[in-house]
Amino acid sequence: MIKTPDTEELPAQYDARQTESAIYQRWLDADLFAARDSRSARVGGDREPFVIVMPPPNVTAVLHMGHGLNNTVQDVIVRWRRMRGDEALWIPGTDHAGIATQNVIEKQLAAEGSTRFDLGREAFVERTASFVAETGNEILRQLRSIGASCDWNRTAYTLSPALSHAVREAFVQLYERGLIYRGHRVIHWCGRCMTSLSDEEAQHGDEAGKLYHIAYPVVGTRQEKLTVATTRPETMLGDVALAVHPDDERYRDLVGQMVRLPIAEIDIPVIADEYVDPAFGTGVVKITPAHDPNDFEVGVRHKLSMPVIMAPDGTMANGADAGSRVPASLVGVDRFAAREQIVSLLEKLGSLGRTEPHAHAVRHCYRCDTVVEPRLSDQWFVKMKPLAEPALAGVRDGTIRILPERWEAVYINWLENIRDWNISRQLWWGHRIPVWYCDSCGEQVVSRTDVSACTKCDGPVRQDEDVLDTWFSSWLFPISTLGWPDKESPSLAAFYPTDDLVTAPEILFFWVSRMIMAGYAFMGAAPFHTVYLHGTVRDTEHVKMSKSLGNGIDPLDVVEAYGADALRYTVISGMGMGADLVLDHRDLERSFAPGRNFATKLWNIGRFLLSKVGNETVQSPDSVADGDLDLSDRWILGRLDATIAACDAALGPARPGGGRWTEAERFSGLRLSEYAESARAFVWNDLADWYLESTKFRIESPGPGRDAARAVIVHVFDQALRLLHPIMPFITETLWQRLPESVAGSRGDFIATVAWPERSSSSPERDREIADFEIVKEAVTAIRQLRSDYAIPPGKPIEVFVSQNRNAALFGKNAPLIGRLTRSSTSMGAPASAQGAAHLLLSDGSELIVPLGGLVDLSKECGKIRGELEQLETQLQSLSGRLRNEGFIKRAPASVVEAERRKEGDWLKRREQLADKVKALCGG
RNA sequence: GGGCGAGUAGCUCAGUUGGUUAGAGCGCCUGCCUUACACGCAGGAUGUCGGGGGUUCGAGUCCCUCCUCGCUCACCA
């Protein structure tokens, strides 16, 4: 695209809505976000690859602030690296979200008075697929409106043919390596979603329950009873034993005897097992192997039967080997209603002892919050210990870092105690488990390709009915999106391993740690070197934002009202490392003010500057004759350098220098809010408040001064826009396109792909010039303070005399500037009469005298100076005390002592000056 | 119960290996519609750095302890 410098004034108001979509389209047309395999240095190209894989949102999801924050962070990083010359690749995608998506369709069916069973599996899957085909990319489209610079050509979907192929390959490989097995055990079951869940999906929640004491009569005795304490009396129908601790004296004689299970009227044995804690409850535990994971272990140890007494939907039922333990009156009754009924039954039978309140943690389904039912069943599991080992080592040895640092401990703690992963889901929507069973010979065939007959006896086979956990496909995302399992995939060679993974801590276990395991398991290398965990978006009460709670913010509303740049800036600047982002959903205006105000400021700076600079070509500051640059020019160029350095430091190293993070760099960088603040402060406080104000006059009078100012302004603004572009891509692109051409030649077509700013070398001379301008600023500020103190109207001209001047040349040259910035006439020398004048002492020792006629309040002036003197005395005292302290002189580093000495000298001089002033003004 | 972390201005947070007079944004107060910007300009106020103890010439920073809050894991029925 050709840049179009525009002499016409920019519109007074920046119209984000109109501008943003047009610019985004131009970026797409120019194909700026497409990464090419061949350009990666790993395959002989000349650019370092830099890759981020997007945490794939659910296909059913619509954009919320959590996505807004997550993707803004990724986009800022990717845009930064793109400008740094990396072959930057951001892979977008969605996740088929087994349970969530199936729920959506089942709800639709329910509204139509139908169920998935009415429809049948094939038709149901077809319907779901077409729903997804229609709506599935909505969230990715929405991401474009916040400026996401993804390589859309590579958009991935976990249930696509390519990624499904990867899933099947992963399953078969792990099976062949003995890391996948079918297990018969108690798992977490959600009776609402009608599926089993992994440990991670069954989350603990505190509940106020009750501890019911139930008496079991000992068979063959008249009176003797054993009392157990349980929180779940409804499971008693599945009891197969009572257990006591082998060393528990109270019950030793009873071990081996039988007790009678009330209601079911069945005799069960009393057994001894170490698992029992004699100190808890009565020291007797009812053993229900099919409905409690611990009881299951006991059952295995003691070879007990394992009756299942509930149906999958959580109603009481006479399961396969339940032996009709459930009385007819309870069959079909929901487990919680059954609890009440059983309690009252026991009460009638005289078997219920006391009931006491008992707080305990109960697992809930992470999708629908239903209380999870432990249930005995057959599921496929991944053996995790062997997979966890390299993943642990990777973080321990610095191959992978996790930011903020504290999450590394959490990660390690989890992996050290990892348990096998149940990957079977009793759903229809997902990757069907690639296992076929032969009914004739019992063979179990695990295969990469579909199987139609038994490989052993050629008999008929049926495929496992279950699908895989959705996370079993998303844990492959960094490799499957790049072409795995095709080892020849050029993208895999060019872009694996990737670089950063940006997400919320909630899915550290669900997803991040499993991706790391998969990376090592299938590629032999970590999938990324940096995990960046950002905070959560919360409302002003610190409650997590969510649509269902009604405290959410729709990012598209924000984009509509204030623009994507405002959203992005607000999010980035408000988010410290790992800190939560607090926004007020009732007051978007206020919440997004930081971004909106800054965007407007930027726009107005651009408007002002472009109208003053005109559209004739500009020189580069390097080519301006040295004498034509004035103090403010040198100062702003110095500030620019410092700002570039500050931004670079905040962003830090993009990748570990030598393959692994060193201690020094490990937890540095990605301080996005600091980067944003450095860039903002430069633009607003340095460029707008001081430089532009200082240059206003010069730029309007033709001559070399004007040319120099134009060169510097355009250069500095160009660089500032570049620094801000990753955060505010749209407005920076818009303004940048309007910058006049430089004689140095074309800058490039898009700021999005132009080079990131580099610092020019600093020199002691430049440092001194920066310090000089700071003195000028101090003079200006002091005079403005004076105006404010004496309530002198802003429009009223005043006179300022610079006397006792220790920087005569500096003030002589800059007196007109000081005058303009303070609406005063500033001159060198002393006023005819210092009577009724205010006195300002600057830190360099210079003195400004401002005659105020009758306005001056002598006692006020004295009070001010005395106050300052007093404060200085106090500080001087502690400083001098420190310098008299031998311990300090001897033990503190010489440089520190030296600095303190110099400071003491300065302060002594200033004290003398202040004291003189007091004497002169206040009569001693 | 195990592991981890946090408590700094009214709010959200920075404060690098201990070393000036502890910072920023927002909010607040005062005065200004100064022809780029009132979504702005200029000026201003605000901290027992959670409490207590210790190490040190020197502690917001290191150690101990207590209090409060948070995260995370977890089979005491």
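Just so it is clear, the structure is predicted and the values come from calculations on it, not from any experiment.

A.B. asks: Go over the overall build of chain A with me, naming the residues and quoting the values.
C.D. replies: Helix and strand content of chain A: 29 helices and 29 strands. The C-alpha radius of gyration of chain A comes to 37 Å, more than 25% above the 29 Å expected for a compact globule of 924 residues. Projecting the C-alpha coordinates of chain A onto the three principal axes gives extents of approximately 120 × 65 × 55 Å. Buried residues in chain A amount to 55% of all 924 residues. Counting only contacts in chain A whose residues sit at least 6 apart along the sequence, the fraction spanning at least 24 positions is 76%.

A.B. asks: I'd love a proper account of unusual backbone geometry, names of residues and values included.
C.D. replies: In the segment running from Trp484 into Pro485, the intervening peptide bond is cis, with an omega of 15°. Summarising the element assignment, Pro485 is placed in the loop between α13 (477-480) and α14 (490-495). Omega for the peptide link from Tyr496 to Pro497 comes to 0°, which places this bond in the cis form. Here Pro497 shows up in the loop between α14 and β22 (500-503).

A.B. asks: Tell me what's going on with the pattern of salt bridges, and back it up with residues and numbers.
C.D. replies: Evaluated as defined, the whole model comprises 64 salt bridges. With a closest N to O distance of 3.3 Å, Asp199 and Arg419 form a salt bridge. Separated by 220 residues along the polypeptide, Asp199 in the loop between β6 (195-197) and β7 (202-217) and Arg419 in the loop between α11 (406-416) and β16 (421-422) bring together distant segments of the chain. Judged by its relative accessible area of 53%, Arg419 is exposed. With a shortest N-O distance of 3.2 Å, Arg634 and Glu769 are connected by a salt bridge. Remark: Glu769 occurs in helix α25 (residues 764-789) and Arg634 occurs in helix α20 (residues 631-651); sequence separation between them is 135 residues. For Glu769, a relative accessible area of 11% gives the class buried.

A.B. asks: Quick one: what's the story with the protein's contact with RNA strand B, residue by residue and with numbers?
C.D. replies: Close to RNA strand B lie 59 residues, the nearest being Arg363, Thr600, Trp684, Gln785 and Arg891. Counted by atom, the contact set of RNA strand B within 4 Å of the protein is 59% sugar and phosphate. Here a base nitrogen of RNA strand B sits 2.8 Å away from a polar atom, N or O, in the main chain of Phe280. Side-chain polar atom of Asn597 to a sugar or linking oxygen of RNA strand B: 3.0 Å apart, as the coordinates give it.

A.B. asks: Outline the sheet that holds strand β5 (residues 180-190), listing residues and values.
C.D. replies: Backbone-to-backbone hydrogen bonds join strands into a sheet, with any given pair of strands oriented parallel or antiparallel. What the four strands build is an open sheet, ordered β6-β5-β14-β16; its pairing is antiparallel. What marks the edges here is a single partner per strand, and that holds for β6 and β16. Examined bridge by bridge, β5 and β6 share three bridges and lie antiparallel to one another. Across the sheet, Cys190 pairs through a bridge with Thr195, a residue of β6.

A.B. asks: Report on the sheet that holds strand β11 (residues 266-272), specifying residues and quantitative values.
C.D. replies: The strand order across the open sheet formed by four strands is β10-β11-β9-β12, and the pairing between neighbours is mixed. Looking at strand neighbours, the two that pair on one side only are β10 (258-261) and β12 (284-287), the edges of this open sheet. Across this sheet, the average inter-strand angle for adjacent strands is 35°, counted without regard to direction. In this sheet, β12 lies alongside strand β9 (residues 241-244) in antiparallel orientation, the contact comprising four bridges.

A.B. asks: So what's going on with the environment of Tyr691? Residues and values would help.
C.D. replies: Secondary-structure assignment places Tyr691 in helix α22 (residues 672-695). Given the relative accessible area of 0%, Tyr691 is considered buried. Expressed as a C-alpha distance, the spacing of Tyr691 and Lys487, which sit 204 residues apart in the sequence, is 57 Å. Polar contacts involving the side chain of Tyr691 include one to the side chain of Asp633, which spans 2.5 Å.

A.B. asks: Explain helix α1 (residues 16-29) to me, and be specific about the residues and the numbers.
C.D. replies: Here α1 is 14 residues long and its end C-alpha atoms lie 20 Å apart, about the 20 Å a rise of 1.5 Å per residue gives. Those residues of α1 that sit buried are Ala16, Thr19, Glu20, Ile23, Tyr24 and Trp27. In an axial view of α1, the angular spread of the buried residues amounts to 125°, which keeps them on one side of the axis. In this structure, α1 carries Arg17, Gln18, Ser21 and Asp29 as exposed residues pointing more than 90 degrees from its buried face. The inward-facing, buried residues of α1 abut α2 (65-83), α6 (138-145), α16 (555-562), α17 (564-573) and α24 (729-738). Asp31 occupies a position one or two residues after α1 and carries a positive phi of about 60°.

A.B. asks: I'd like a description of the nonpolar core, backed by residues and values.
C.D. replies: Membership of the largest hydrophobic core comes to 134 residues, with the highest contact counts inside it found for Trp27, Met65, Leu602, Tyr691 and Phe717. Looking at this core, the element that brings in the most residues is helix α23 (residues 704-724), giving 12 residues. With near-sequence residues (within four places) excluded, Tyr691 lies in contact with Ser632, Asp633, Trp635, Ile636, Asp686, Arg698, Ala709, Val712 and Ile713. The next biggest cluster of nonpolar side chains, apart from the first, holds 66 residues, and it includes Leu89, Ile180, Phe495 and Trp511.

A.B. asks: So what's going on with the pairing of β22? Residues and values would help.
C.D. replies: Residue alternation in β22 divides its side chains into two sets, Asp500 and Val502 and Leu501 and Thr503, and both sets are buried. In this sheet, strand β23 (residues 530-533) lies alongside β22 in parallel orientation, the contact comprising four bridges. From the neighbouring strand, Thr503 faces β23, where its bridge partner is Leu533. Viewed along the sheet, the connection from β22 through helix α15 (residues 508-523) into β23 turns out right-handed.

A.B. asks: Give me the packing of helix α19 (residues 593-613) against α24: which residues, what numbers.
C.D. replies: Interhelical geometry of α19 versus α24 gives an angle of 0° and a closest axis separation of 11 Å. Relative to α24, α19 is oriented roughly parallel. When α19 is examined against α24, the residues Ala599, Leu602, Trp603, Gly606 and Leu610 are found in contact with a partner set consisting of Ile731, Thr732, Thr734, Leu735 and Arg738. Residues belonging to the contact of α19 with α24 are distributed by class as follows: six nonpolar, three polar and one charged.

A.B. asks: Give a description of the packing of α16 against α17 that names residues and reports values.
C.D. replies: As a packed pair, α16 and α17 sit with axes 6 Å apart at the nearest point and diverge in direction by 120°. Together, Pro555, Val558, Val559 and Tyr562 of α16 and Ala564, Ala566 and Leu567 of α17 make up the contact between the two elements. Residue composition of the contact of α16 with α17, grouped by class: seven nonpolar, no polar and no charged.

A.B. asks: Mind laying out the pairing of strand β27 (residues 824-828), listing which residues take part and the relevant values?
C.D. replies: With five bridges joining them, strand β26 (residues 798-803) and β27 adopt parallel strand pairing. Among the inter-strand pairings, Val802 is bridged to a residue of β27, identified as Met828. With helix α26 (residues 808-822) bridging β26 and the parallel β27, this β-α-β connection has right-handed handedness.

A.B. asks: Please set out the environment of Tyr212 residue by residue, giving values where relevant.
C.D. replies: Its location among the elements puts Tyr212 in strand β7. The exposure class of Tyr212 is buried, given its relative accessible area of 7%. Along the chain, Tyr212 and Arg738 lie 526 residues apart, while their C-alpha atoms are 77 Å from each other. The contact partners of Tyr212, leaving out residues within four places of it in the chain, are Val228, Ala229, Thr230, Thr231, Pro233, Arg339, Val343, Leu352, Arg354 and Thr355.

A.B. asks: I'd like a description of the side chain of Ser513, backed by residues and values.
C.D. replies: Position of Ser513 relative to the elements: it lies in helix α15. Relative accessible area serves as the criterion here: at 0%, Ser513 is assigned to the buried category. The contact partners of Ser513, leaving out residues within four places of it in the chain, are Tyr411, Trp414 and Leu508.

A.B. asks: Tell me about the packing of aromatic side chains, residues and numbers included.
C.D. replies: Using the criterion set out here, one finds 23 aromatic pairs in the structure. Both rings, one in Tyr569 and one in Phe598, keep their centres 5.0 Å apart while their planes meet at 50°; by these two values the pair is tilted. Taken as a pair, Tyr569 in helix α17 and Phe598 in helix α19 lie far apart in primary sequence, 29 residues in all. An aromatic cluster of three or more residues is present, and its members are Phe171, Tyr175, Trp380, Trp421, Phe472, Trp475, Trp484 and Phe522. Residue placement shows Arg81 over the ring face of Phe50; its charged tip is 6.0 Å from the ring centre.

Rules behind the numbers
- Residues numbered from 1 in each chain as written.
- Chains lettered and ligands numbered in written order.
- Predicted model: local features only at pLDDT ≥ 70, side-chain atom pairs only at ≥ 80, totals over all residues.
- Heavy atoms only, no water.
- Helix = DSSP H or I, 4+ residues; strand = E, 2+ residues; numbered from the N terminus.
- Rg over C-alpha atoms; globule rule 2.2 N^0.38 Å.
- Buried < 20%, exposed > 50% of the residue type's maximum accessible area, 1.4 Å probe, protein only.
- Contact = heavy atoms within 4.5 Å.
- Salt bridge = Lys/Arg side-chain N within 4 Å of Asp/Glu carboxyl O.
- Near = heavy atom within 4 Å.
- Polar contact = N/O pair within 3.5 Å; in protein donor to acceptor, adjacent residues only side chain to side chain.
- Pairing = 2+ DSSP bridges.
- Axes fitted to C-alpha atoms, helices over the stretch in contact; angles between N-to-C directions.
- Expected span 1.5 Å × (residues − 1).
- Arc of directions from axis to C-beta.
- Core = buried A, V, L, I, M, F, W, Y, C linked by side-chain atoms within 4.5 Å.
- Right-handed = clockwise from strand over helix to strand, strands pointing away.
- Parallel < 35°, antiparallel > 145°, perpendicular 65-115°, else oblique.
- Nonpolar A, V, L, I, M, F, W, Y, C, P; charged D, E, K, R; others polar.
- Phe/Tyr/Trp six-rings, centres within 6.5 Å; stacked < 30°, edge-to-face > 60°.
- Lys NZ or Arg CZ within 6 Å of the ring centre and 35° of its normal.

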